[in-house]
Amino acid sequence: MLLSVLPLPHPDSKKLIQDARVVVIDVLRASSTILEALMNGAPFVVPVASPEHAFTAKKQYAEKDVLLCGERQGIKVAGFDMGNSPTEFTREKINGRIIIMSSTNGTKAIDFASNAKQVMIGCFRNVAAIVGTLNDDDTNIVLLGSGKLGQFCMEDMVCAGNMIDMFLSKKGLELSDSAMAAHDLYLHYQKNLLGIMQHCEHGRYLASLGFGDDVVFCSRQNVYTRVPILQNGIIK
Ligand code: MLT
């Protein structure tokens, strides 16, 4: 059983993705926000690649049942109801509302992974639950980072390394080079996850926008045991 890590979506990786169970990781912040929305009563999340798709998708639902959420450059998209700040996704605001979400890198990565055998949404807040689910069969696994505008993203790779660390005892497990590298990163930073998240590019950027609390929120491990799954275009 091969476990690979892809730091970000790349067209050459389509075949690898198709044959695997894929965990899409966008620690800061889309994966963490999707999980939070579901935990606070959203019946499901519809991930879409662009704000235009979000406005179109909204037409299928009654106005009162749906919230348009997401960001560009970390900031709420004009005309959307909410941005991408998981700390704002409270039960009070979310309960019973369908979330249509478009984010810069996270929902694009989800779209990229959509032909996989199975697509899960992972972050630090459900890391052990993801590993528990991965343990239940021997299909190859891809941990797919969302990256940042086509570049490597530290926090997603450290989170992938955390998953690998918990999965190492799996019999017959083979790690790709990038999986080994992600695991090494995790071992290096495991005692200071918040520190690396505050120090990495996107963590610093979010803090500069006033979203420093989101970085702290997203650094917490194993808050939930839920594994969001993408099926037929919706995440439950
Ligand atoms: C993304 O998809 O790029 C993000 O989740 C960015 C963010 O809102 O911090």
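What you see is a predicted model, and the numbers here were worked out from it, not measured in a lab.

(A) Broad picture of the overall build of the protein. Helix and strand counts for the protein stand at eleven helices and eleven strands. For 236 residues, the compact-globule estimate of 2.2 N^0.38 gives 18 Å, and the C-alpha radius of gyration of the protein, at 16 Å, lies within 12% of that figure. For the protein, the C-alpha atoms occupy an extent of roughly 50 × 35 × 30 Å along the three principal directions. With 236 residues in all, the protein has 55% of them scored as buried. Of the contacts formed within the protein by residues at least 6 apart in sequence, a portion of 79% connects residues at least 24 apart. Within the protein, the 24 negative side-chain charges are centred at a point lying 5 Å from the centre of the 23 positive side-chain charges.

(B) Quick look at the site of the ligand. The environment of the ligand is made up of D26, L28, R29, A30, E71, N84, S103, T104, N105, G106, H202 and L206. Between N105 and the ligand, the recorded distance is 2.7 Å, taken from a side-chain N or O atom to an oxygen atom.

(C) Fine view of the nonpolar core. Ranked by internal contacts, the top residues of the largest apolar core, which has 35 residues, are L3, V5, L143 and M163. Breaking this core down by element, the ones donating at least two residues are β1 (2-6), β2 (21-25), α6 (127-134), β8 (141-145), α7 (154-167), α8 (177-189), α9 (193-199) and α11 (212-218). Sort the elements by how many residues they give to this core and α7 lands first, with seven residues. Non-local contacts of L3, meaning those with residues more than four positions away in its chain, are made with I141, L143, I164, F167, L173, E174, L175, S176 and A179. V45, I99, A109 and A116 belong to the second-largest nonpolar core, a separate cluster that totals 28 residues.

(D) Broad picture of the environment of V119. The residue V119 is located in strand β7 (residues 118-122) in this model. A relative accessible area of 1% means that V119 is categorised as buried. For the pair V119 and I229, spaced 110 residues apart in the sequence, the C-alpha separation amounts to 5.8 Å. Residues contacting V119, with those up to four places away along its chain left out, are V22, V24, A113, S114, P228, I229 and L230.

(E) Expanded view of the packing of aromatic side chains. Per the counting criterion, the structure on display carries two aromatic pairs. Between F44 and Y61, the aromatic rings sit 6.3 Å apart at their centres with planes inclined by 55°, giving tilted as the arrangement. Of this pair, F44 sits in the loop between α2 (30-39) and β3 (45-47) while Y61 sits in the loop between α3 (51-58) and β4 (66-72), and the two are 17 residues apart along the sequence. Given a relative accessible area of 23%, Y61 falls into the partly exposed group. When the ring of F55 is compared with that of F80, the centres are 5.4 Å apart and the planes differ by 75°; the resulting orientation is edge-to-face. With F55 in helix α3 and F80 in the loop between β5 (75-76) and α4 (91-94), this residue pair connects regions lying 25 residues apart in the sequence. Since its relative accessible area comes to 35%, F55 is described here as partly exposed.

(F) Structural view of unusual backbone geometry. Here L28 and R29 are connected by a cis peptide whose omega angle stands at 0°. Position of R29 among the secondary structure elements: in the loop between β2 and α2. At Q73, a position not held by glycine, the phi torsion is positive, near 50°. The residue Q73 is located in the loop between β4 and β5 in this model. Given a relative accessible area of 59%, Q73 falls into the exposed group. Even without a glycine there, the phi angle at L149 is positive, about 50°.

(G) Representation of the pairing of β4. Across the seven residues that make up β4, a large majority, six, are buried. Direction of pairing for β4 relative to strand β6 (residues 98-102): parallel, over a ladder of five bridges. When the sheet's bridge partners are listed, C69 is paired in β6 with M101. The turn linking β4 back onto β5 is made up of two residues, and Q73 within it adopts a positive phi angle of 50°.

Cut-offs and rules
- Residues numbered from 1 in each chain as written.
- Predicted model: local features only at pLDDT ≥ 70, side-chain atom pairs only at ≥ 80, totals over all residues.
- Heavy atoms only, no water.
- Helix = DSSP H or I, 4+ residues; strand = E, 2+ residues; numbered from the N terminus.
- Rg over C-alpha atoms; globule rule 2.2 N^0.38 Å.
- Buried < 20%, exposed > 50% of the residue type's maximum accessible area, 1.4 Å probe, protein only.
- Contact = heavy atoms within 4.5 Å.
- Lys, Arg positive; Asp, Glu negative; His and termini not counted.
- Charge placed at Lys NZ, Arg CZ, Asp CG, Glu CD.
- Near = heavy atom within 4 Å.
- Polar contact = N/O pair within 3.5 Å; in protein donor to acceptor, adjacent residues only side chain to side chain.
- Core = buried A, V, L, I, M, F, W, Y, C linked by side-chain atoms within 4.5 Å.
- Phe/Tyr/Trp six-rings, centres within 6.5 Å; stacked < 30°, edge-to-face > 60°.
- Pairing = 2+ DSSP bridges.

Functional significance is not addressed by these values, which are geometric in nature.
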